[in-house]
Amino acid sequence: MKKTIFTGAGTALVTPMNSDGTINYEAFGKNIDWQIEQGIDAVIVCGTTGEASTMTDEEHVEVMRYCVERVNKRVPVIAGTGSNDTAYAVWLSVEAEKAGADALLQVTPYYNKTSQKGLVAHFTKISDRVNIPIMLYNIPIRSVINIEISTYKELSKHPNIVAVKEASGNIAFIAGVLAACGDSLDVYSGDDSQIVPIMSLGGKGVISTCANIIPRIVHDTAQSCLDGDYKKAAELQLKYLELMNKLFIDVNPIPVKEAMNILGMNAGECRLPLVSMEQAKKDILTEALKNAGLLK
């Protein structure tokens, strides 16, 4: 049996920005500390929610290094080092390992639209070059390709490939992955709205966008599943379902950064080409925050 990276809730951290578009490390550090104080089980840095695709090489490495040092081994740090360029993904992964990351998050190569055989070659090449665990990231809505179950089975044979963040949204498919791979591949929900169903099938937890603003609630939802109290978990899931859904009223991470700013958490704006939401969507998001009891 392979070693599990974490169980419970991991936050896909936003990267706060200053008004000039530079990274706001002071706000970033405060958010990391608050996440851990609230009981989050892991943090994910430089993922989609962290806007890694707009970072320079130097920024990407520095943000990973800063996060590792700020966390200081209090929880696992999973670093996003995926790319549609295999050689670049290898370089980033090696740098993340040097920086002290506990594991890597590897998204499926976007835009190139490789074959299933290409996916095996891509992820194997990266996994052969590092000595820390790798979590695959399946998100067809962004990458335009889906990791097939047979491909998961093949990749799960690699000792460094231990998990997957599943954001396909297809519960039947995810159940098939769990059935086919068993203990050789841990599965995490990549959708806040699917924590309970995926964990009820044997998933180990969630990598959450919503946890940027309600880390304790997301942790408690996942922990209730781990404790076998699915009644409590379902109650929490449904209570905050509106908020979870409204955080995707626009392209991630636009809404979650807006929500953090509304709540006084100083996330700043997204980098171009992502732009602020129009006022009508801001009003909908504000209402969801009120309904969740986060605003009066």
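So, here is what we can say about the structure in this document. Worth saying up front: this structure is predicted, and the values here are computed from it rather than measured.

1. Brief notes about helix 7 (residues 171–181)
Phase 1: Looking only at helix 7, the buried set comprises Phe173, Ile174, Val177, Leu178 and Cys181. Along the axis of helix 7, the buried residues cluster in a sector spanning 145°; they form a single face. Looking at helix 7, the residues exposed on the side facing more than 90 degrees away from the buried face are Ala172 and Ala179.
Phase 2: The backbone nitrogen of Ala172 has a side-chain oxygen 3.1 Å away, supplied by the residue at the start of helix 7, namely Asn170.

2. Comments concerning the packing of helix 12 (residues 254–262) against helix 13 (residues 279–291)
Phase 1: Axis separation between helix 12 and helix 13 bottoms out at 10 Å; the angle between their running directions is 60°. Comparing the axis directions of helix 12 and helix 13 gives the class oblique. The crossing of helix 12 and helix 13 is right-handed. Side by side, helix 12 and helix 13 meet where Pro255, Glu258, Ala259 and Ile262 of the first sit next to Lys282, Leu285, Thr286 and Leu289 of the second.
Phase 2: Here the contact of helix 12 with helix 13 is built from residues that sort into five nonpolar, one polar and two charged.

3. Examining the packing of helix 2 (residues 57–71) against helix 3 (residues 86–99)
Phase 1: Contact geometry for helix 2 and helix 3: axes closest at 9 Å, N-to-C directions at 30°. Taken together, helix 2 and helix 3 sit at an angle that is classed as roughly parallel. In terms of crossing hand, the pair formed by helix 2 and helix 3 is right-handed. Contacts from Asp57, His60, Val61, Met64, Arg65 and Val68 of helix 2 reach helix 3 at Tyr88, Trp91, Leu92, Glu95, Ala96 and Ala99.
Phase 2: Residue composition of the contact of helix 2 with helix 3, grouped by class: eight nonpolar, one polar and three charged.

4. So, unusual backbone geometry
Phase 1: Omega for the peptide link from Asn252 to Pro253 comes to 10°, which places this bond in the cis form.
Phase 2: Along the chain, Pro253 falls in the loop between helix 11 (241–246) and helix 12.
Phase 3: Along the chain, Leu272 connects to Pro273 via a cis peptide bond; the corresponding omega equals 15°.
Phase 4: Here Pro273 lies in the loop between helix 12 and helix 13.
Phase 5: Even without a glycine there, the phi angle at Tyr111 is positive, about 70°.
Phase 6: Looking at the secondary structure, you find Tyr111 in the loop between strand 4 (103–107) and helix 4 (116–127).

5. Observations concerning the nonpolar core
Across soluble globular proteins, nonpolar side chains show a tendency to be buried alongside one another.
Phase 1: Judged by nonpolar contacts, the single largest core of 81 residues is most densely connected at Val45, Cys67, Leu136, Tyr152 and Leu243.
Phase 2: Sort the elements by how many residues they give to this core and helix 2 lands first, with seven residues.
Phase 3: Sequence-distant contacts of Leu243, defined by excluding residues within four places in its chain, comprise Cys210, Ile213, Ile214, Ala288, Leu289, Ala292 and Leu294.

6. Things to note about the side chain of Asn160
Phase 1: One can find Asn160 in the loop between helix 6 (149–155) and strand 6 (161–166).
Phase 2: Only 2.8 Å separates the side chain of Asn160 from the backbone oxygen of Ser127, close enough to count as a polar contact.
Phase 3: Within the structure, the side chain of Asn160 is placed 2.9 Å from the backbone oxygen of Val130, a separation counted as a polar contact.
Phase 4: If we ignore the near neighbours within four places in the chain, the residues touching Asn160 are Ser127, Val130, Asn131, Ile132, Pro133 and Ile134.

7. What to know about the layout of surface pockets
Phase 1: A volume near 680 Å³ is recorded for the largest pocket.
Phase 2: Along the wall of the largest pocket there are 30 residues; nearest its centre are Thr48, Ala52, Ser53, Tyr110 and Arg142.
Phase 3: Residue composition of the lining of the largest pocket, by class: 16 nonpolar, eleven polar and three charged.
Phase 4: By volume, the second largest pocket amounts to about 420 Å³.
Phase 5: Considering the residues around the second largest pocket, the lining is formed by 23 residues, among which Ile139, Ile141, Gly190, Asp191 and Phe248 are closest to the centre.
Phase 6: Only helix 5 (140–143), strand 8 (205–208) and helix 11 provide two or more residues apiece to the lining of the second largest pocket.
Phase 7: Per-class residue counts for the lining of the second largest pocket are nine nonpolar, nine polar and five charged.

Basis of the calculations
Residues numbered from 1 in each chain as written. Predicted model: local features only at pLDDT ≥ 70, side-chain atom pairs only at ≥ 80, totals over all residues. Heavy atoms only, no water. Buried < 20%, exposed > 50% of the residue type's maximum accessible area, 1.4 Å probe, protein only. Helix = DSSP H or I, 4+ residues; strand = E, 2+ residues; numbered from the N terminus. Arc of directions from axis to C-beta. Polar contact = N/O pair within 3.5 Å; in protein donor to acceptor, adjacent residues only side chain to side chain. Axes fitted to C-alpha atoms, helices over the stretch in contact; angles between N-to-C directions. Parallel < 35°, antiparallel > 145°, perpendicular 65-115°, else oblique. Left-handed = near helix turned anticlockwise from the far one by under 90°. Contact = heavy atoms within 4.5 Å. Nonpolar A, V, L, I, M, F, W, Y, C, P; charged D, E, K, R; others polar. Core = buried A, V, L, I, M, F, W, Y, C linked by side-chain atoms within 4.5 Å. 1 Å grid on protein atoms, 1.4 Å probe; cavity = no way out; pocket = protein on both sides within 12 Å on 5 of 7 lines; lining within 4 Å. Points joined across faces, edges and corners; volume = space filled by probe spheres on them.

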